[in-house]
Amino acid sequence: TTTLVSFTVKEDSLRADEPLLQLVGSYMDPVFGYSSASSYIEFSLPTNNVNFGSNFTPDSLVLFLGYNGFYGDAVSAQTLMAYQLTEEIHADSSYYSTKDFSYDPSPLSTQTIAPLDGDTLVKIKFDSPVFTSVDSEFVDNAGLQAFLKGFYLSTDTTVQGGILYFDMLSQYTKLTLYYNDTMSFDFIIDSESGRSNHFTHSYLGTDVEAQLNDTTLGESLVYIQPMSGVKTEIQFPNLEKWAQSGGIVVNKAELVMQVEASSQVESYSPPEFLFIMGAGETAAIVDQYEGASYFGGEYDAINGEYRFNIARHVHGIINGEIQNEGLLLLVPNNLLLSGSVVSGNRVVLGGAKSTTGPMKLEIVYTQL
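Residues numbered from 1 in each chain as written. Predicted model: local features only at pLDDT ≥ 70, side-chain atom pairs only at ≥ 80, totals over all residues. Heavy atoms only, no water.

Draft legend 1. Representation of the overall build of the chain in the model. Scanning the chain from terminus to terminus reveals four helices and 22 strands. With the principal axes as the frame, the chain shows a C-alpha extent of 90 × 35 × 35 Å. Restricting the contact set of the chain to residue pairs at least 6 apart, pairs at least 24 apart contribute 82%. Accessible area for the chain stands at about 16,300 Å²; split by element, carbon and sulfur atoms hold 49% of it. Side chains of the chain carry 16 positive and 44 negative charges; the gap between the two charge centres is 5 Å. (Helix = DSSP H or I, 4+ residues; strand = E, 2+ residues; numbered from the N terminus. Contact = heavy atoms within 4.5 Å. Areas by Shrake-Rupley, 256 points an atom, 1.4 Å probe, with all protein chains shown as cover. Lys, Arg positive; Asp, Glu negative; His and termini not counted. Charge placed at Lys NZ, Arg CZ, Asp CG, Glu CD.)

Here it is in structure tokens:
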């Protein structure tokens, strides 16, 4: 093994546009403090040249959201609020998790929801149909989205329970306009529909806040949280010295991290995967190109640990071929399909000098 230094740092703002899941909700984590998620969504026409007819009379507007689970307290009901956007979202633009879009502060709906395990749908009826009798024709998406820029979904932050996951590509997700007593029309989410997630955190009074202010506390525990929360930096201050007594060939090098058992409760399961990247100018780790089965990072629930094989990276540092700039350990983003912008799973790990489950780098090598 070799000396490690570990500490928690703030995560950067993450790209959060067009994610697979929209996150909405808030909760107070006993370890990480307060977190909230909200979403911006825009709808499209299923076809061009839509005409509701000369006697068009809108009755109501209902938002249907495909439900895909939660993170936090499943029992707690939350008050979901929907607002009409006054600023356009563009599907071909990149947005980050700190981006705020303007919206009308008067909610279109304020509704208490408490989805159960097995539920696939959440239904939100707006107080206003939004459309009027003159809004009966839309030539294309540009026309619709100039009129209906989208919606902002959030929850009452004083009523906290967890983070709800909504699948925007679900067969259940749609915006339905009911009109002329018996007629209805469905607006959809497609490649021309802009979407983005937004996250906030407060670590006030938590051990996470203490460590962000004093990195030496990372010797005991380190913290990792998605949704633009926190990540862990790991340094190997003495690796270069291994080659002072002669050439070294690294046959295997595993970075092993134990989950702090006391931090895990049923409502807060750890991430399925973690990821490591360079903390310096070069983000990529050469070992990751060998594939996930070699590189590792999957949570081992039996042993309560994560492992990464970084033999090529360590060999390169020892032999002066790679800069020793440290690593960052985080929940991966995976091009918005899974991970940091579409899940709330966080984890506490043993730090480099933990007395119960220290982080370690196990090296198998040959002295030349």
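Still more to cover.
Draft legend 2. Up close: the packing of aromatic side chains. Overall, the coordinates contain 26 aromatic pairs when judged by the stated rule. Aromatic side chains Y27 and Y71 sit 6.3 Å apart centroid to centroid with 75° between the ring planes, which places their arrangement in the edge-to-face category. Of this pair, Y27 sits in strand β2 (residues 21-29) while Y71 sits in strand β5 (residues 58-72); the two residues are 44 residues apart in sequence, bridging distant segments of the chain. Seen in terms of ring centroids, F275 and F295 are 5.9 Å apart; in terms of plane orientation they differ by 70°. Their pairing is edge-to-face. Note that F275 is positioned in strand β18 (residues 275-278) and F295 in helix α3 (residues 292-295), a separation of 20 residues in sequence. Here F295 falls in the buried class, since its relative accessible area comes to 3%. Three or more aromatic residues joined by ring pairs form one cluster here, namely F52, F56, F131, F138, F147, Y179, F185 and F187. (Phe/Tyr/Trp six-rings, centres within 6.5 Å; stacked < 30°, edge-to-face > 60°. Buried < 20%, exposed > 50% of the residue type's maximum accessible area, 1.4 Å probe, protein only.)

Draft legend 3. Fine view of helix α4 (residues 311-318). Most of α4 is tucked away, with six of its eight residues classed as buried. Those residues of α4 that fall on the buried side of the exposure criterion are A311, H313, V314, G316, I317 and I318. The inward-facing, buried residues of α4 abut β17 (248-258), α3, β19 (305-309), β20 (327-330) and β22 (360-367). Taken from the residues just after α4, G320 is the one with a positive phi, measuring 75°.

Draft legend 4. Spatial organisation of the side chain of H201. You can see H201 is positioned in strand β14 (residues 195-202). Polar contacts involving the side chain of H201 include one to the side chain of S35, which spans 2.8 Å. Reaching out from H201, the side chain makes a polar contact with the backbone oxygen of M227 at a distance of 2.6 Å. (Polar contact = N/O pair within 3.5 Å; in protein donor to acceptor, adjacent residues only side chain to side chain.)

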